[in-house]
Amino acid sequence: MSVLRAPILGLARSDRARRLAESLPAATRVVRRYVPGESTAAAVQAAAALAGDGLHATLDYLGEDTRDLARAEATVEAYLTLLEGLAERGLTRGAEVSVKLSAIGLALPGDGREIALEHARTICAAAGARGTAVTLDMEDHTATEETLEVLHELRREFPETGAVLQAYLHRTEDDCRALAYEGSRVRLCKGAYDEPEEVAYVERREIDRAFVRCLRILMAGRGTPMVATHDPRLVEVALALAARTGRPQGSYEFQMLHGVRPDEQRRLAAAGESVRVYVPYGSQWYGYLVRRLAERPRNLSLFATSLLSTK
Ligand code: FDA
């Protein structure tokens, strides 16, 4: 792993750095690469543009670690407005939404878990009514257990609700086995948080190997694996495993982030693969951006330059 990863991810927890970054005009080159806009209209437009290129979308209204009930409720409203906007443009067949439980109440003191579950139910119901679904993003390891518990409860009513598992966690192979059942949609990613060695692999090679082990389980299982990586070697491994397990195209999908390897997204789609692009939008882009910079430290200097040029 890059030696810069932990210090950069540390910035995600700094309120001072967040306030500074958010107070500067958001329309910098680097932010716009990853976050196409702040409004619902911008998100719907991004989904429409992707659909025009034969790509599916999953839209994320940015925000996390909400300590304020009113803000959690406003986030639920934002998702409802988004789903309405997608439906009006006839986009809900190809566009779903991704939700962080900490943005809708999980981090609230007391009955945060129950509040998050109720809020997630509301979003899942609205998505289901419009013929689409929700995937629950996975946050740092302190939220893994609760997120999976909420997922199980949601799936009773909304079986199409997607899960995210992070290959870097030691527990994830077991979680893959538990979730590889028919109808289960599982997004497998490497994991984006700064996790301690007690719970996670920290070396790049170890993480990649764990990803392959998890992918083998999911591809051999009966659910729908959602292969969320830009790593060319892992994309090849996924294609090989799909061929080996006799999976037809469409019984699994590739997922990539908006702004990352867009040519590869289109190449895979042109080859008949199902490809979904993760589209974050909204004004609270700071935590998301810091994780993207940690994956690609060379973007940090680009970001610093664009901030200075906005003065
Ligand atoms: P890796 O980081 O090794 O990158 C492989 C190659 O991809 C790089 O060499 C570069 O070419 C390109 N690349 C990767 N990141 C880039 C960047 N930021 N800018 C430019 N190029 C870049 N994590 C999590 O913890 N919880 C979650 O819920 C999700 N959800 C999620 C959804 C989707 C659709 C994706 C694609 C990813 C996530 N992630 C996530 C993030 C994930 O855990 C991981 O941090 C990133 O995908 C980067 O890992 P890669 O597998 O791409 O490999």
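These lines cover the structure that appears in this document, whether it is placed above or below. (Residues numbered from 1 in each chain as written. Predicted model: local features only at pLDDT ≥ 70, side-chain atom pairs only at ≥ 80, totals over all residues. Heavy atoms only, no water.)

### Quick notes on the sheet that holds strand β7 (residues 253-257)
Right, on to step 1. Spatially, eight strands are ordered β3-β2-β1-β8-β7-β6-β5-β4 in an open sheet, and the strand pairing comes out parallel. Sheet topology places β3 (134-136) and β4 (163-166) at the edges, where each strand pairs with a single neighbour. On average, each strand axis in the sheet is inclined to that of its neighbour by 30°, with strand direction left out of account.
Right, on to step 2. Taken together, the four bridges between β7 and strand β8 (residues 275-281) define a ladder with parallel strand orientation. Of the residues in β8, the one forming a bridge with Met 256 is Val 277.
Right, on to step 3. Of the strands in this sheet, β1 (56-61), β2 (95-99) and β8 are in contact with helix α5 (residues 69-88), which crosses β1 at around 155°. (Pairing = 2+ DSSP bridges. Helix = DSSP H or I, 4+ residues; strand = E, 2+ residues; numbered from the N terminus. Axes fitted to C-alpha atoms, helices over the stretch in contact; angles between N-to-C directions. Contact = heavy atoms within 4.5 Å.)

### Points about the layout of surface pockets
A water-sized probe, rolled over the atoms, reveals where empty space remains.
Right, on to step 1. If you add up the space inside the largest pocket, you get close to 1000 Å³.
Right, on to step 2. As for the largest pocket, its lining consists of 38 residues, of which Lys 190, His 230, Leu 257, Arg 292 and Glu 295 are closest to the centre.
Right, on to step 3. Of all the secondary-structure elements, those providing two or more residues to the lining of the largest pocket are α3 (29-34), β4, β5 (185-189), α9 (204-220), α10 (232-244), β7, β8 and α12 (286-295).
Right, on to step 4. If one sorts the elements of the lining of the largest pocket by residue count, α12 sits on top with five residues.
Right, on to step 5. Looking at the lining of the largest pocket residue by residue, the classes come out as 16 nonpolar, six polar and 16 charged.
Right, on to step 6. The computed volume of the second largest pocket comes to approximately 800 Å³. (1 Å grid on protein atoms, 1.4 Å probe; cavity = no way out; pocket = protein on both sides within 12 Å on 5 of 7 lines; lining within 4 Å. Points joined across faces, edges and corners; volume = space filled by probe spheres on them. Nonpolar A, V, L, I, M, F, W, Y, C, P; charged D, E, K, R; others polar.)

### Considering the pattern of salt bridges
Right, on to step 1. Scanning the entire structure with this criterion turns up 23 salt bridges.
Right, on to step 2. We note a salt bridge from Arg 113 to Glu 114, for which the minimum N-O separation is 2.7 Å.
Right, on to step 3. Relative accessible area serves as the criterion here: at 18%, Arg 113 is assigned to the buried category.
Right, on to step 4. Close ionic contact of Glu 295 with Arg 292 constitutes a salt bridge, the shortest N to O distance being 2.7 Å. (Salt bridge = Lys/Arg side-chain N within 4 Å of Asp/Glu carboxyl O. Buried < 20%, exposed > 50% of the residue type's maximum accessible area, 1.4 Å probe, protein only.)

No statement about biological role is implied by the geometric values presented.
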